[in-house]
Amino acid sequence: MAKGQEQAAPDAVLTRIGQVAMLHHAGDREEARLRFLSLWAEIGEHGDPLHRCTLAHYLADTQDDPGDELAWDLRALSAAEELADGAPAGRGGDGGEGGELAARALYPSLHLNLAADYDRLGHREAARLHLRRARTAAGALAFDRYGEGVRAAIDRLARRLADAGPTGDAGPPTDGPDRPDGWWGPPRQRP
């Protein structure tokens, strides 16, 4: 095969995770949780960090108990940190820069989920800490539908935490760049 024509083989585990995620989004939360747990048993605590991060991130959303959701989100963050430290990312991944890029793309959503988990559990300071980390990490996101959605969710949670009352830095974080395009505001409307 000529150089440049090679295609990466699809990652079967990520494909399977995606299929179960579609089941969850279609409304079958319990079946999705069972299938995700089966995949987790297959991958194991020491499996590929990209697989563990992705799977734990989705598994958290299927939990009924906020403490269980937090535990899965913490597993996802731990695996993302392994990626950022250069662990291999995906089948045939070489770690290093690829793992760091994958982690950078995951951090905004991971920290946002942790902030929401801590908020639900009444731990406002921990929620604010992860919200600041989510906002900072959001600088790595593209200005596309996904990136705008994550930034909008960050803003919604910031408003909710600000309304929760003064327990430290009650207002939304202001440590982001001062940008004229309203980056920290609601997503831009497109015609």
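Description of the structure in this document. Note that the structure is predicted; figures quoted are calculated from it, not measured.

## Some words on the nonpolar core
Phe36, Leu55 and Leu131 are the most contacted members of the largest nonpolar core, which has 43 residues in total. Contributing elements (two or more residues each) for this core: helix H1 (12-25), helix H2 (29-43), helix H3 (49-60), helix H4 (66-84), helix H5 (96-120), helix H6 (124-137) and helix H7 (145-163). Among the elements that make up this core, the one with the highest residue count is H5 (nine residues). Filtering out sequence-adjacent residues up to four positions away, Leu55 remains in contact with Ile17, Phe36, Leu39, Trp40 and Ile43.

## Examining the packing of H3 against H4
Where H3 contacts H4, the two axes come as close as 8 Å, and the packing angle between them is 160 degrees. With respect to H4, the element H3 is oriented roughly antiparallel. Here the hand of the crossing between H3 and H4 comes out left-handed. For the pair H3 and H4, the contacting residues are Pro49, Leu50, Arg52, Cys53, Ala56, His57, Leu59 and Ala60 in the first and Glu69, Trp72, Asp73, Arg75, Ala76, Ala79, Ala80, Glu82 and Leu83 in the second. The class makeup of the residues in the contact of H3 with H4 is 11 nonpolar, one polar and five charged.

## Some thoughts on the packing of aromatic side chains
Taken as a whole and judged by the stated rule, the model has two aromatic pairs. Measuring from centroid to centroid gives 6.0 Å for Phe36 and Tyr58, while their planes differ by 10 degrees, and the two rings are stacked. One end of the pair, Phe36, is in helix H2; the other, Tyr58, is in helix H3, with 22 residues separating them in the sequence. Since its relative accessible area comes to 27%, Tyr58 is described here as partly exposed. Here the aromatic rings of Trp40 and Trp72 are separated by 4.9 Å at their centres, their planes lie at 85 degrees, and the arrangement is edge-to-face. Residue Trp40 is found in helix H2, and its partner Trp72 is found in helix H4; the two are separated by 32 residues along the sequence. The same class applies to Trp40 and to Trp72, which are both buried. A cation sits over an aromatic face here: Arg75 above Trp72, 4.1 Å from the ring centre.

Analysis parameters
Residues numbered from 1 in each chain as written. Predicted model: local features only at pLDDT ≥ 70, side-chain atom pairs only at ≥ 80, totals over all residues. Heavy atoms only, no water. Core = buried A, V, L, I, M, F, W, Y, C linked by side-chain atoms within 4.5 Å. Buried < 20%, exposed > 50% of the residue type's maximum accessible area, 1.4 Å probe, protein only. Helix = DSSP H or I, 4+ residues; strand = E, 2+ residues; numbered from the N terminus. Contact = heavy atoms within 4.5 Å. Axes fitted to C-alpha atoms, helices over the stretch in contact; angles between N-to-C directions. Parallel < 35°, antiparallel > 145°, perpendicular 65-115°, else oblique. Left-handed = near helix turned anticlockwise from the far one by under 90°. Nonpolar A, V, L, I, M, F, W, Y, C, P; charged D, E, K, R; others polar. Phe/Tyr/Trp six-rings, centres within 6.5 Å; stacked < 30°, edge-to-face > 60°. Lys NZ or Arg CZ within 6 Å of the ring centre and 35° of its normal.

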